[in-house]
Amino acid sequence: MVPNGPVLVSGPARIEMPDGAVVESDRFMVAICTCRRSQEYPLCDTSHRRCRRVKAQQSA
């Protein structure tokens, strides 16, 4: 797993969704979205990178 990112699995991969739909990828490494922001869900499109929270700097 990638912290705050996708789960990486060796491909090719066949993912069966809860509704019975099947998503396939023939890539050698497949990134599976865990944040649900991806337009290509269940495959990761790196949407998690655009939504990261930045820690506020504290004044002394």
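None of the values given here were measured: they were computed from a predicted structure.

(A) Here's a closer look at the environment of Thr34. In this fold, Thr34 is placed in the loop between strand E4 (29-32) and helix H1 (47-50). Remark: the alpha-carbon pair of Thr34 and His48, spanning 14 residues in sequence, is separated by 8.9 Å. Not counting residues within four places of it along the chain, the set of residues in contact with Thr34 comprises Gly5, Pro6 and Val7.

(B) Quick look at a nonpolar patch on the surface. A cluster of nonpolar side chains, Leu8, Phe28 and Met29, forms an exposed patch at the surface whose accessible area comes to about 350 Å². What makes Leu8 partly exposed here is its relative accessible area of 45%.

(C) The arrangement of the pattern of salt bridges in detail. Applying the stated criterion across every chain, the model contains one salt bridge. Arg14 is paired through a salt bridge with Glu24; the nearest N and O atoms lie 3.5 Å apart. Linking Arg14 in strand E2 (residues 13-16) with Glu24 in strand E3 (residues 22-25), this pair joins segments that are 10 residues apart in sequence.

(D) Summary view of empty space enclosed by the protein. All chains considered together, the criterion is met by one cavity of 30 Å³ or more. By volume, the largest cavity is sized at about 30 Å³. For the lining of the largest cavity, a count of residues per class yields four nonpolar, four polar and no charged.

(E) Highlighting the side chain of Ser38. Its place among the elements puts Ser38 in the loop between E4 and H1. Of note is the side chain of Ser38, whose polar atom sits 3.3 Å from the backbone nitrogen of Tyr41. Separated by 3.4 Å, the side chain of Ser38 and the backbone nitrogen of Asp45 make a polar contact. Aside from chain neighbours lying at most four places away, what touches Ser38 is Cys33, Leu43, Cys44, Asp45 and Ser47.

Cut-off values and rules
- Residues numbered from 1 in each chain as written.
- Predicted model: local features only at pLDDT ≥ 70, side-chain atom pairs only at ≥ 80, totals over all residues.
- Heavy atoms only, no water.
- Helix = DSSP H or I, 4+ residues; strand = E, 2+ residues; numbered from the N terminus.
- Contact = heavy atoms within 4.5 Å.
- Patch = residues over 30% accessible without salt bridge, like charges linked within 9 Å, V, L, I, M, F, W, Y side chains within 5 Å.
- Areas by Shrake-Rupley, 256 points an atom, 1.4 Å probe, with all protein chains shown as cover.
- Salt bridge = Lys/Arg side-chain N within 4 Å of Asp/Glu carboxyl O.
- Buried < 20%, exposed > 50% of the residue type's maximum accessible area, 1.4 Å probe, protein only.
- 1 Å grid on protein atoms, 1.4 Å probe; cavity = no way out; pocket = protein on both sides within 12 Å on 5 of 7 lines; lining within 4 Å.
- Points joined across faces, edges and corners; volume = space filled by probe spheres on them.
- Nonpolar A, V, L, I, M, F, W, Y, C, P; charged D, E, K, R; others polar.
- Polar contact = N/O pair within 3.5 Å; in protein donor to acceptor, adjacent residues only side chain to side chain.

Any link to function would need more than the numbers given here.
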